[in-house]
Amino acid sequence: MKNHLKMCRVAISLVTLFRLVAFTASLWSGHNEARAAAKNVWIELPASTYTNSVNVTNCIGDTVYFEARTWWPEGASWSWSGATMTTPATYYYSYAQKTYLTAGGPFSVTATYGGDTSYAARVHVIAVASATASEGTVIDDGDGDPHTKTFVVCQGTGNVTVTATSNPSLTEEQLDNTCWCWGTTGGSGDDRLTRTVSKSECRSTSVTFSAGTSYKRITVVVVCVGGLSLSEGDLIQGSSPPTCVTCVGTGDVSAYAWPDPWLEEAQLPGCWSFTNGTAVGLGKFERKVSKSTPGSTTFTATAGTSSATKILKVLEVSSLTISGNGGIYWFNDGDGDPNTDLYLVHWGTGTVYVDASPSPSVLDESQLPSCWSFTGGEAIGQGKLHRF
């Protein structure tokens, strides 16, 4: 009987000693004493950090690694719920992992050793749910990616605001405090859910929101008028707006406008306009006028606060007038051509002057195009408008 009592005391002492050693080891490794007192099996999250985390936030597609520990003596086996055990377990610890492909939660993970189950570690999984811009025309960017969108606006004042939402829905503050794996790049600002793009500069700016394998990319294209040109005509130097002149004839003169940054014609937003002349295609890139009729056409391309203008003058000779001393008589030359006349000038002293008049008018003969010519007699000045 005495030997039996002695053996019991020894057994109790050994168990007490084991518990004391395990408790001391847990304090040395940084385990939470209150948590340890409540459970003899616990999960460290993240693994190998000696931290008893109850809640953790991760991003979709990421793998979370768990470590479970126990104070129970060896001899039992480990099992997991909500995660897959990886490396072979020892009596003291076990590892598991889980790759989360669904946003939401919390998703619970528990570890069991010898029938004793840990408190649940709760994993919240974050994904980028949506992203959009405060204004602009959505165009097909042609990349075939459903997670990207392109918005086109015209140059102007103010900003385009790009915003994102998360799943589950979190505020800016909640993201800052809990979600280390959320990233935002591009645009102006430091916020994770909101960035701005200035409309003052003509360029393309991409804002990307990412969380694990999920992402949304918003591209804001601020478009302006890159330029405007004419297919023919001589530029009148120093003219404002720039004015080109050509002569009546066959065919057409085309005016071309182009955007900066470059976009296809069908991608241009409603704030882009190109006026006058006759539309070619959609009329946003090209317009034309016939050279068969004299006149002046003002082409103007506009995109918000940016614009470009060019004037085309198609000239004809509207008249030739003769003046001078002595009798000047007009005769019908009988050729049926309304553009030719026959004059008879009496012999005498003095000079006979012949003056040409273009329509539409120009300021002086230096503005006449290279297709204009005036021959016969002697030139006065450049001889394009006045001869004698």
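Residues numbered from 1 in each chain as written. Predicted model: local features only at pLDDT ≥ 70, side-chain atom pairs only at ≥ 80, totals over all residues. Heavy atoms only, no water.

### Points about the pairing of strand β11 (residues 148-154)
Right, on to step 1. With six of its seven residues buried, β11 lies for the most part within the structure.
Right, on to step 2. Summarising the sheet, strand β10 (residues 137-139) and β11 pair through three bridges and their orientation is antiparallel. Paired with Thr 137 across the strands is Val 152, a residue of β11.
Right, on to step 3. Where β11 meets strand β16 (residues 214-230), seven bridges bridge the pair, whose relative direction is parallel. (Buried < 20%, exposed > 50% of the residue type's maximum accessible area, 1.4 Å probe, protein only. Helix = DSSP H or I, 4+ residues; strand = E, 2+ residues; numbered from the N terminus. Pairing = 2+ DSSP bridges.)

### Some points on the pattern of salt bridges
Right, on to step 1. Going through the model one piece at a time under the given rule, you end up with seven salt bridges.
Right, on to step 2. Among the ionic pairs, Glu 44 bridges to Arg 69, the shortest N-O distance being 3.7 Å. Here Glu 44, found in strand β1 (residues 41-44), pairs with Arg 69, found in strand β3 (residues 63-70); they are 25 residues apart in sequence, far enough to count as distant. Each member of the pair, Glu 44 as well as Arg 69, is classed as buried. (Salt bridge = Lys/Arg side-chain N within 4 Å of Asp/Glu carboxyl O.)

### Describing the side chain of Ser 214
Right, on to step 1. Residue placement: Ser 214 occurs in strand β16.
Right, on to step 2. Within the local environment of Ser 214, its side chain forms a polar contact with the backbone nitrogen of Val 128, the two atoms lying 3.0 Å apart.
Right, on to step 3. A polar contact is formed between the side chain of Ser 214 and the backbone oxygen of Ala 211, at a distance of 2.7 Å.
Right, on to step 4. Ignoring anything within four residues of it in the chain, the contact list for Ser 214 reads Ile 60, Ala 127, Val 128 and Phe 209. (Polar contact = N/O pair within 3.5 Å; in protein donor to acceptor, adjacent residues only side chain to side chain. Contact = heavy atoms within 4.5 Å.)

### Regarding the state of the cysteines
Right, on to step 1. Inspection of the entire model under this criterion finds three disulfides.
Right, on to step 2. The disulfide partner of Cys 59 is Cys 181, and the gap between their sulfur atoms is 2.0 Å. Its S-S torsion of approximately 90 degrees makes the covalent link between Cys 59 and Cys 181 right-handed. Of the two residues, Cys 59 sits in strand β2 (residues 55-59) while Cys 181 sits in the loop between α3 (172-178) and β13 (182-185), which places them 122 residues apart along the sequence. Neither residue differs from the other here; Cys 59 and Cys 181 are each classed as buried.
Right, on to step 3. With a sulfur-sulfur separation of 2.1 Å, Cys 154 is cross-linked through a disulfide to Cys 271. With the S-S dihedral at roughly 90 degrees, the linkage between Cys 154 and Cys 271 falls on the right-handed side. With Cys 154 in strand β11 and Cys 271 in the loop between β19 (252-260) and β20 (272-275), this pair connects stretches of sequence that are 117 residues apart.
Right, on to step 4. You can call Cys 271 partly exposed: its relative accessible area is 36%.
Right, on to step 5. Cysteines bonded in the protein are numbered consecutively along the chain; their disulfide partners then correspond to 1-3, 2-5, 4-6.
Right, on to step 6. For Cys 179, which is in no disulfide, the shortest distance to another cysteine sulfur is to Cys 181 and amounts to 3.7 Å. (Disulfide = S-S within 2.5 Å.)

None of this, on its own, says anything about what the molecule does.
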